[in-house]
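Remarks on the overall topology
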Amino acid sequence: MNYIFVILFAFALSGCHGMADYLGPPPSAIGASAVPVDPEAVRVDSKLYPKFHLASKISPPNWVSPYNPKFQLPMVDILPSDTWTVRHFIGGLFIITSESYDTREKVAAGKFGGDYINGIFITPEGHVSGGWICFKNPKKAILASDRKTYLVPSPSQDNGWEKIVFEKVE
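Small disclaimer: the values here were computed from a predicted structure and weren't measured. (Residues numbered from 1 in each chain as written. Predicted model: local features only at pLDDT ≥ 70, side-chain atom pairs only at ≥ 80, totals over all residues. Heavy atoms only, no water.)

Here we come to the overall build of the protein. When its secondary structure is counted, the protein shows four helices and eight strands. Reading the secondary structure of the protein in the N-to-C direction produces α-α-β-β-β-β-β-α-β-β-α-β. Evaluated residue by residue, the protein yields a buried proportion of 38% over its 170 residues. Summarising the internal contacts of the protein: among those between residues at least 6 apart in sequence, 65% fall at separations of at least 24. For the protein, the exposed surface amounts to about 10100 Å²; the carbon and sulfur share of it is 61%. (Helix = DSSP H or I, 4+ residues; strand = E, 2+ residues; numbered from the N terminus. Buried < 20%, exposed > 50% of the residue type's maximum accessible area, 1.4 Å probe, protein only. Contact = heavy atoms within 4.5 Å. Areas by Shrake-Rupley, 256 points an atom, 1.4 Å probe, with all protein chains shown as cover.)

Before going further, it helps to spend a moment on the side chain of Asp38. Topologically, Asp38 is positioned in the loop between α2 (19–23) and β1 (51–53). Excluding anything up to four places from it in sequence, Asp38 contacts Ala144, Arg147 and Lys148.

A word on the pattern of salt bridges. For side chains of opposite charge, pairing can occur when their charged atoms come near one another. Enumeration according to the criterion identifies five salt bridges in this entry. Glu40 serves as the salt-bridge partner of Arg43, at 3.2 Å between the closest nitrogen and oxygen. In this structure Glu40 comes out as partly exposed when scored by relative accessible area, which is 27%. Between Asp82 and Arg104 there is a salt bridge; the shortest N-O distance is 2.6 Å. Here Asp82 is found in the loop between β3 (72–73) and β4 (84–90), whereas its partner Arg104 is found in helix α3 (residues 99–109), with 22 residues between them in sequence. Via salt bridges that share partners, Glu40, Arg43 and Arg87 belong to a single interconnected network. (Salt bridge = Lys/Arg side-chain N within 4 Å of Asp/Glu carboxyl O.)

Moving on to the pairing of strand β7 (residues 128–136). The side chains of a regular strand alternate between the sheet's two faces. With seven bridges connecting them, strand β6 (residues 116–122) and β7 associate as antiparallel partners. The partner of Ile117 across the bridge, within β7, is Phe135. Turn length for the β6-β7 hairpin, with the two strands adjacent in sequence and antiparallel, is five residues, and the turn residue Gly126 shows positive phi of about 100°. (Pairing = 2+ DSSP bridges.)

What follows concerns the sheet that holds strand β8 (residues 167–168). If you walk across this open sheet you meet the six strands as β7-β6-β5-β4-β1-β8, and the pairing is antiparallel. Two strands lie at the open edges of the sheet, namely β7 and β8, each paired on one side alone. As judged from the two bridges shared by β1 and β4, these two strands associate in the antiparallel manner. Within β4, the residue paired with Phe52 across the bridge is Trp84. The strands touched by α3 within the sheet are β4, β5 (93–97), β6 and β7, with β6 carrying the most contacts at an inclination of about 130°. (Axes fitted to C-alpha atoms, helices over the stretch in contact; angles between N-to-C directions.)

Pasting the structure below:
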């Protein structure tokens, strides 16, 4: 009987909408980008792209909610030892992520640490173009719908990144 309940419960949840479905697209999303997607479904093979890092330590700008710019979260410093790999290639931009950065952010965030993966929109030349994006960590999401998000850069997220350029790792 318990097995039947578990199967029925899982089946019922499979049609649930994720938070992206409820929130709708952020104001910066237009056209095809206005569709929530599971980032894992459009992830690229990082080995086919360059890796990036910064030449010196920086204190990056806060993460700013694309829905409410008054809601901001401070981010930990980005260190030259952080290697950033390409996770997505969307609309001519890379979304880069760093395991070492996320490890430090997890410690700083406390009990909510590890729930998200922090990404940055950059051009292939390393210039930030859209700032931060946060993905639900696939290891922390029960359903694929929980991971859905809008893979769109936000021009308002560029504030504070103007002079920061990621360099390709040789």
